[in-house]
Each structure stands twice: as structure tokens, then as C-alpha cells.
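A closer look at the structure
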Protein chains: 2
Amino acid sequence: MIKIIVIGTGNVGMHLCKAFEKVGPTSSLKLVAYYNRAQKKLPNINATLAQNLNNLPNADLILLAVPDDAVLSVAQELVGQEAIIAHTSGSVGMQTLSMHKKYGVFYLPQSFSISRIPNWSDITICLESSDMFVNKVLENVAVTLSRKREQINSQQRKRLHLAAVYMNNFVNHCYFKAGKIMEDASMDRSLLDALMQETLEKALDITPENAQTGPAVRNDRKTIDKHLKMLHKEDQEMYRSITKSIQKTHGKKL
Amino acid sequence: MIKIIVIGTGNVGMHLCKAFEKVGPTSSLKLVAYYNRAQKKLPNINATLAQNLNNLPNADLILLAVPDDAVLSVAQELVGQEAIIAHTSGSVGMQTLSMHKKYGVFYLPQSFSISRIPNWSDITICLESSDMFVNKVLENVAVTLSRKREQINSQQRKRLHLAAVYMNNFVNHCYFKAGKIMEDASMDRSLLDALMQETLEKALDITPENAQTGPAVRNDRKTIDKHLKMLHKEDQEMYRSITKSIQKTHGKKL
């Protein structure tokens, strides 16, 4: 039985608590407690809300689901713990936890929200471990949540986190800009839903390199100029820089 | 019975021909011929390959599925035709066809590929018509392909085309950049597939405005600087401009 404590109950921590309680009865793990500074009880979670970090119940694994810049200080507060300490951060190196004997990383490359249920089985859980024992424990925990796990070292994880910014933050902002242009011209955003879906499916099907179309890749200067004229000045910079990057990628030059 | 001719058999024209032949037997329309300059026969299409534009069979509607900058010249070659002339271009105004008596636009805001079957029923077909009669014919044709139709005027259609560049070309390029970063760090691209899907679903569910997360929107200068250091110089400009645009959108300043 792997006894788990989750520190931090933001989007990641809260969904981890829920997932552990859900799989608990049929697996070899158990959420024994969770902690947050605000001392806020999570609805529908049976595990104990721990009152402070110096008096945690006995556990095998303490998962830190705290903001990146709080990982170090929380890890320091836990000095003396025998449990494995693992953080869940994309951009913090594993060695930040090296004041502990057994430590690791349990990173979930997904965008979590309170209101949405994660598709756990599709998330590749990215693990890093200070030794083989830690690796075995993290694998045993991960396998109860997802069928996909990968060993990703700290250097790779930092790159992965950067890639996720393109995949999520930047893609989402392009969605926003598209929707804004539609609304400003009195059209319903949903008119482009089919294109949004097809863009994703086509990229998965034939790769984004082969899926690229449009004025940038075909070097259609006339259309690019028309588009720039339609845009607010503050939007031209982003349009230009993405267009330039597409052209560079595909060996074209504006 | 609406007799249709399709001019141009690139991705859009080819898929229109296929779709019309498929719905033909159970609807009030019939593809009577298609034309392309290369005189290339389409596989599995029963309609005639017309040999030249001056000798087309009798038709009610001639759809131009030709490149944007060929719309005017092809329309001029068709002067004398009694049929409705409609183009399928996002960025060409309807009045480009005004040398004809009856004309319109049949625009499909989707990215077509030879290898992929379009999800017709989800595509909102955008119509514009020179008069009510044309509108009725175009509606009758559109309804056989999709349950979604909209009246979109030429000004709106140009904006829609610009929005589609963000939704498709720019999003796809962000997919590419994410995948490239993964590969350069010896990680499998598919590790981010779950995030890719969730990004789309979350934007549809709670709007892109509410779905935005990451270093730009939370004004995390430290992470932004780390990311910029990891990027090739030529990639920094795009990262910076999108980051700046996200911050402007959400009232933050770098």
C-alpha cells in the first residue's frame, strides 16, 4: 500500500486528490491527507486536511502541487520527512528537492481546470527519480492513473514545458484572435468550429509540416498585405512574426 | 433539378464534385460536368470532363473553385453564360463576378486536403447572392451538403478569411513549433497530444479568454526569460510577439 499526501490543492493538486480517491479502493494506493495554506476542505474527499506541514501523517509519497516558485521553500519545510518528496512542476529541476533522501518528479503535461474532468488515461505522466526505488513507487502510482508514462529528465522537462506553451498558451491565443475578428465583423465564432477541429485532426494525421497552407507558406504577398491592412496596429506585429516564422520554416522569404 | 458544373478540381473543386455526385441521386441536384485546364479526369466521378470553357453543357450553376487570382479571368471567359456564376473564394469580393447577370459566392471556411474526407455536415457554408433567385438556388445546393448555412457579405468574408488564418495557419504553426522543440530534446511529439486536444475542448467549453493560462498571462517574467534563453534567436521574435499580445489582451504588461 502506497500512502500519499498531496500538498497544494490548486487545479493540479485538487484533481490528483480526486483521482487518488477514485482509484484508491481498487489499487494499492491511498490518499491519507492533503494540505493547503488556506486550510480549505475539498468537497467529496475523505482524506484528512492536514493542519500543518510539520505534523503530517505517516506517508510513502508526498506530492508537491504548489506553484513553481514555492517548490523549494515547501521542500525545505519538509526536511526530516522519510517519505519520497516529488514535485509536479514543469520548469523546476529535480535537484531542487535534493535536501531529501528520496525525491522525484511527477509531471503532468496537461492544462487542468477546476470545471473540467481530466482525461487521465491519455495524459503521458512524466517521471524522474533520484533512484530505482523512487522510480518504482512513482511508476506504481502513475500506472493507476494513466496507461502512458515516460522517463523525462529535468533538462527535457524544461523543453517540454516550453513546447507546452506553444501547444496550449499560444494556440489558445490564436483561437482568441480568430474569435475576436469574427465578433468584430458581426459573425458567430462557431462558424470556424469545423476548421478548428480539422486543423487539429489534420496535424495529427499528416503532421503540421505537411498540413501548412495559407498565404504565408505560398508566399502570397498580396493577401498578406490585405490582412495587415485589416488588423489593428498592435496586432500586426504578431501576424508578421508568425508569418515570417512560417516562411522561414518552409524555406520561403517574404 | 439544379444542374451544376464545377470549374477547377483542386482540393475544394474535387471535394465538391465528389460530394455532389454522392448526394445527387437522392437530391434535386446533379453534377453535369467539371473542368480543369490540365484536362485531368477525376477518379470515380461520372460527370463529363468538359474540354473547354466556351463549350460547356447546359447548367443552372457554375461554381468556380479556382485560385483567388484566377476568379476574374475565368469569370470573363464565361461571359455569355446564362447560368449563375458563383466563386468559392474567401478573399475575393462578389462584385468581381458582376459582368454576369446572376452571380454569388459559395464559400467553405474549411481546410481541404486530397487525402481527408471533409466533415460536410459541420461546415458552415457561407453564401452571398446577387438577388433572391440566386440565393434560393445556392441555399438549395448548400442544404444538401450541410445543416449549417450563413449569409455572409463580401466584407465579412474577408474578415472571416483573416480569422481562418489565425485558426488554421497560425495554430498549425504553433503545433509545428511545439513538436520541433519536443523532437530537438529527444521526446516524442505525441506526449503533448492530450494537451493539444484539451486546449481545443477547453476553448470551446469556457472560451479562449477564460482558458488562457501560462507565463504570459500570469506575468511570470522569470519563466518567460528562461524560455527565451532556450529558443534559437530566430524563434524569439515570435515567442515575444505572441507573449506581448497575450499580455495586452489580458491587461498585463511585460
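The structure under discussion appears in the preceding block.
Let me sum up the structure you'll find in this document. This is a predicted model, so every value here is computed, not measured.

At the junction of the two partners, chain A supplies 87 residues and chain B supplies 87 residues. Looking at the side of chain A facing chain B, the largest losses of area belong to A:R116, A:Y166 and A:M167, adding up to 9% of the total buried there. The interface formed by chain A and chain B contains 10 salt bridges. B:R189 is the partner of A:E209 in a salt bridge, and the nearest nitrogen-oxygen pair spans 2.6 Å. Our count for the contact surface shared by chain A and chain B stands at 37 residue pairs in polar contact (both at pLDDT 80 or more). At the level of secondary structure, the elements contributing two or more residues to the side of chain A that touches chain B comprise helix 4 (154-184), helix 5 (193-211), helix 6 (221-230) and helix 7 (233-249) of chain A. When residues of the side of chain A that touches chain B are assigned to their parent elements, the largest contribution, 24 residues, is made by helix 4 of chain A. For the side of chain A that touches chain B, the residue count by class is 40 nonpolar, 26 polar and 21 charged.

If you trace the backbone, B:S73 turns up in helix 2 (residues 71-77). B:S73 sits 24 residues away from B:L97 along the chain, and the two C-alpha atoms are 9.8 Å apart.

Let us look at the pairing of strand 2 (residues 29-35) of chain A. Two faces, one strand: in a regular strand the side chains alternate between the faces of the sheet. Residue and element names in this part refer to chain A. The buried count for strand 2 comes to six of seven residues, which makes it a mostly enclosed element. Inspection of the sheet shows strand 1 (residues 2-7) paired to strand 2 by six bridges, in the parallel sense. Within strand 2, the position partnered with K3 by the bridge is K30. Tracing the backbone out of strand 1, into helix 1 (residues 11-23) and back to the parallel element strand 2 gives a crossover that is right-handed.

Residue and element names in this part refer to chain B. Residue placement: S129 occurs in strand 7 (residues 125-129). In this structure S129 comes out as buried when scored by relative accessible area, which is 19%. Residues within four places of S129 in sequence aside, it is in contact with M94, Y103, G104, V134, N135 and L138.

Cut-offs and rules
- Residue positions are given per chain, counted from 1 along the sequence in the order it is written.
- To label them, take the chains in the order written and letter them from A, then take the ligands in the order written and number them from 1.
- Per-residue local features of the predicted model are confined to residues with pLDDT of at least 70, and side-chain atom pairs are confined, for both listing and counting, to 80 or more; whole-chain, interface and lining totals are unaffected and use all residues.
- Processing note: side-chain calculations cover all non-hydrogen atoms of the structure and skip hydrogens and water entirely.
- Only heavy atoms matter for contacts: two residues are in contact if any of them lie within 4.5 Å across the pair.
- Once two parts are put together, the accessible area they lose, assessed with a 1.4 Å probe and summed over both, is termed the buried area.
- A carboxyl oxygen of Asp or Glu within 4 Å of a side-chain nitrogen of Lys or Arg is what we treat as a salt bridge.
- Under this definition, polar contacts are N or O atom pairs within 3.5 Å; protein pairs additionally need one hydrogen-donor-capable and one acceptor-capable atom, and for neighbouring residues in sequence, both atoms have to be side-chain atoms.
- Helix and strand assignments follow DSSP, with helices taken as H or I runs no shorter than four residues and strands as E runs no shorter than two, numbered in order from the N terminus.
- In this classification, the charged set is Asp, Glu, Lys and Arg, the nonpolar set is Ala, Val, Leu, Ile, Met, Phe, Trp, Tyr, Cys and Pro, and all remaining amino acids, among them Gly, are polar.
- Under the scheme applied here, a residue whose accessible area is under 20% of the maximum for its type counts as buried, over 50% as exposed, and between as partly exposed, the area being computed with a 1.4 Å probe on protein chains only.
- For two strands to count as paired, DSSP must find a minimum of two bridges between them.
- When the strands point away from the viewer, a crossover counts as right-handed if the path from the first strand over the helix to the second runs clockwise.

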